[in-house]
Amino acid sequence: DIQMTQSPSVLSASVGDRVTLSCKASQNINKNLDWYQQKLGEAPKLLIYFTNNLQTGIPSRFSGSGSGTDYTLTISSLQPEDVATYFCFQYNSGPTFGGGTKLELK
Amino acid sequence: QVTLKESGPGILQPSQTLSLTCTFSGFSLSTYGMGVGWIRQPSGKGLEWLANIWWDDDKYYNPSLKNRLTISKDTSNNQAFLKITNVDTADTATYYCARVNYPGPFAYWGQGTLVTVSS
């Protein structure tokens, strides 16, 4: 099984900050990685697919990057509505989600 | 407009079989590349992928649960199904279905249905 480790588990940041969330795979996942945002009480929402492709309707302040085993979700300027838990998901083999990063406002 | 909605029993007892239905609109599971996946989430915890079914009836299961899962579809009625046998309290979770374009991602999600396993 491919293990996905997200860090940090909790992140506190201020409005306007540049925020970087990390997702590390236990083996090469060939960029087969998506990012999802889940707000409290809601279903997850797709933000980024195949590492760096912005889903339609998602603000351009969200971006993704990475390769091999290391992947990053960046929010260029944090907004209050970005408070949520963020999950990475690999589908290269035996699909698995990361444990999530909870993003809070400082 | 793509929509999905899950339905289930709400509550069931340990050792019973959980049957879930995903009723969707806005796409067809007979279209090349389309699929439906099931994902669950215990309250306050992370997401766990369970299974996918594809337009060609190919099925893909979480290896750690494979022996207990059965995914199927009814293309003519725009539904997908998931059965989990021999449930335990650890199966208590919100269950989501989602549309997936081969090989990923889950672009559209249902609202989820809460399933509680309790004696």
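Scroll up for the structure.
Residues numbered from 1 in each chain as written. Chains lettered and ligands numbered in written order. Predicted model: local features only at pLDDT ≥ 70, side-chain atom pairs only at ≥ 80, totals over all residues. Heavy atoms only, no water.

Chemist: Which parts of the structure should I look at to understand the overall build of chain B?
Modeler: Secondary structure assignment for chain B yields zero helices and 11 strands. Secondary structure elements of chain B occur, N-terminal to C-terminal, as β-β-β-β-β-β-β-β-β-β-β. Against the globule reference of 14 Å for 119 residues, chain B gives a C-alpha radius of gyration of 13 Å, in line with a compact fold. A burial count over chain B gives 47% of its 119 residues as buried. Counted over contacts in chain B with a minimum sequence separation of 6, partners at least 24 positions apart contribute 52%. For chain B, the accessible surface area stands at approximately 5,600 Å², while carbon and sulfur atoms represent 45% of it. Here chain B carries 9 positive and 8 negative side-chain charges, and the mean point of each set is 2 Å from the other. (Helix = DSSP H or I, 4+ residues; strand = E, 2+ residues; numbered from the N terminus. Rg over C-alpha atoms; globule rule 2.2 N^0.38 Å. Buried < 20%, exposed > 50% of the residue type's maximum accessible area, 1.4 Å probe, protein only. Contact = heavy atoms within 4.5 Å. Areas by Shrake-Rupley, 256 points an atom, 1.4 Å probe, with all protein chains shown as cover. Lys, Arg positive; Asp, Glu negative; His and termini not counted. Charge placed at Lys NZ, Arg CZ, Asp CG, Glu CD.)

Chemist: Looking at this model, I keep getting lost on the sheet that holds strand E1 (residues 4-7) of chain A. Mind explaining?
Modeler: Whenever strands of a sheet pair, they do so through backbone hydrogen bonds, lying parallel or antiparallel. Residue and element names in this part refer to chain A. One open sheet holds the four strands; their spatial order is E1-E3-E8-E7, and the pairing between them is antiparallel. Each having just a single partner strand, E1 and strand E7 (62-67) make up the two edges of the open sheet. Strand-to-strand twist of the sheet, defined as the mean angle between neighbouring strand axes without regard to direction, takes the value 20 degrees. Relative to strand E3 (residues 19-25), E1 runs antiparallel, the two being bridged by four bridges. Paired with serine 7 across the two strands is serine 22, which belongs to E3. (Pairing = 2+ DSSP bridges. Axes fitted to C-alpha atoms, helices over the stretch in contact; angles between N-to-C directions.)

These figures come from the coordinates and say nothing about function on their own.
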